[in-house]
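Below are the chains, spelled out letter by letter.
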Amino acid sequence: MAEAEAMYRRALEGYEKAWGPEHTSTLNTVNNLGVLYKDQGKMAEAEAMYRRALEGIKARWPKRKLCIDGR
């Protein structure tokens with residue numbers, strides 16, 4: 001999983017440089033990195049990535065109603 005983390009980090013850096021921190025591809029990669037951290041048991045890191053993705057979505061679409069509880 002260390003290789004996957006490195007790949008996500010590299011992709012994230014590229015997306016941030018190319019499209020910025022609030023682009024949907026960037027936010028999707030942030031979320032995916034959170035999933036990877038969760039799967040590794042790195043809950044603090046996972047939470048930080050999930051929060052970053054959520055805040056980015058809220059900033060990009062401030063009037064959009066979000067469903068984050070799976071319903």
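Residues numbered from 1 in each chain as written. Predicted model: local features only at pLDDT ≥ 70, side-chain atom pairs only at ≥ 80, totals over all residues. Heavy atoms only, no water.

1. Details of the overall build of the protein chain
Just so we agree on the cut-off: Comment: elements are numbered from the N terminus, with helices defined as DSSP H or I runs of at least four residues and strands as E runs of at least two. Radius of gyration: C-alpha atoms only; globule rule: 2.2 Å multiplied by the number of residues to the exponent 0.38. For every residue, the accessible area obtained with a 1.4 Å probe (protein chains only) is divided by the maximum for its type, and the residue is called buried under 20%, exposed over 50%, and partly exposed between those limits. Residues count as neighbours in contact if any of their non-hydrogen atoms are within 4.5 Å of one another. Computed with a 1.4 Å probe, the accessible areas rest on the Shrake-Rupley method; for each residue, only the protein chains presented here act as cover. Note on charges: Lys and Arg go in the positive column, Asp and Glu in the negative column, and His and the chain ends are not counted at all. Working definition for charges: the position is that of NZ of Lys, CZ of Arg, CG of Asp or CD of Glu.
Broken down by element type, the protein chain carries three helices and zero strands. Taking 2.2 N^0.38 as the reference for a compact globule, 71 residues should give roughly 11 Å; the C-alpha atoms of the protein chain span a radius of gyration of 12 Å, in line with that estimate. With the principal axes as the frame, the protein chain shows a C-alpha extent of 35 × 30 × 15 Å. By the burial criterion, 21% of the 71 residues in the protein chain qualify as buried. Taking as baseline every contact in the protein chain between residues at least 6 positions apart, the subset at least 24 positions apart corresponds to 47%. In the form shown here, the protein chain has an accessible surface area of approximately 5,100 Å², with 53% of it arising from carbon and sulfur atoms. With 13 positive and 10 negative side-chain charges, the protein chain shows a separation of 7 Å between the mean positions of the two kinds.

2. Focus: the confidence of the model for the protein chain
The condition is simple: pLDDT is a residue-level measure of predictor confidence that goes from 0 to 100.
Within the protein chain, residue pLDDT values average 89, and 90% of them lie at 70 or more. Looking over the protein chain, one finds the lowest element-wise mean pLDDT in helix H3 (residues 43–60), namely 93, and the highest in helix H2 (residues 24–39), namely 96.

3. Topic: the side chain of Thr 29
Heads up, the rule is: Nitrogen and oxygen atoms within 3.5 Å of one another constitute a polar contact, given that in protein one can donate a hydrogen and the other can accept it, and given that sequence-neighbouring residues count only through two side-chain atoms.
Tracing the chain through its elements places Thr 29 in helix H2. Classification of Thr 29 as buried rests on a relative accessible area of 7%. Within the structure, Thr 29 has its side chain in polar contact with the backbone oxygen of Ser 25 (distance 2.9 Å). Once residues lying within four places of it in the same chain are set aside, the contact partners of Thr 29 are Tyr 8, Ala 11, Leu 12 and Tyr 15.

4. Re the pattern of salt bridges
Rules: Throughout this description, the term salt bridge denotes a Lys or Arg side-chain nitrogen within 4 Å of a carboxyl oxygen of Asp or Glu.
Within the structure shown, the criterion is met by five salt bridges. One salt bridge connects Lys 38 with Asp 39, and the closest N-O pair in it is separated by 3.1 Å. Here Lys 38 falls in the partly exposed class, since its relative accessible area comes to 39%. Residue classification places Asp 39 among the partly exposed residues on the basis of a relative accessible area of 48%. As a salt-bridge pair, Lys 58 and Glu 55 come within 3.9 Å of each other at their nearest N and O atoms. In this pair, Lys 58 and Glu 55 both sit in helix H3, three residues apart, roughly one turn of the helix. The class of Lys 58 is partly exposed, set by a relative accessible area of 40%. For Glu 55, a relative accessible area of 46% puts it in the partly exposed group.

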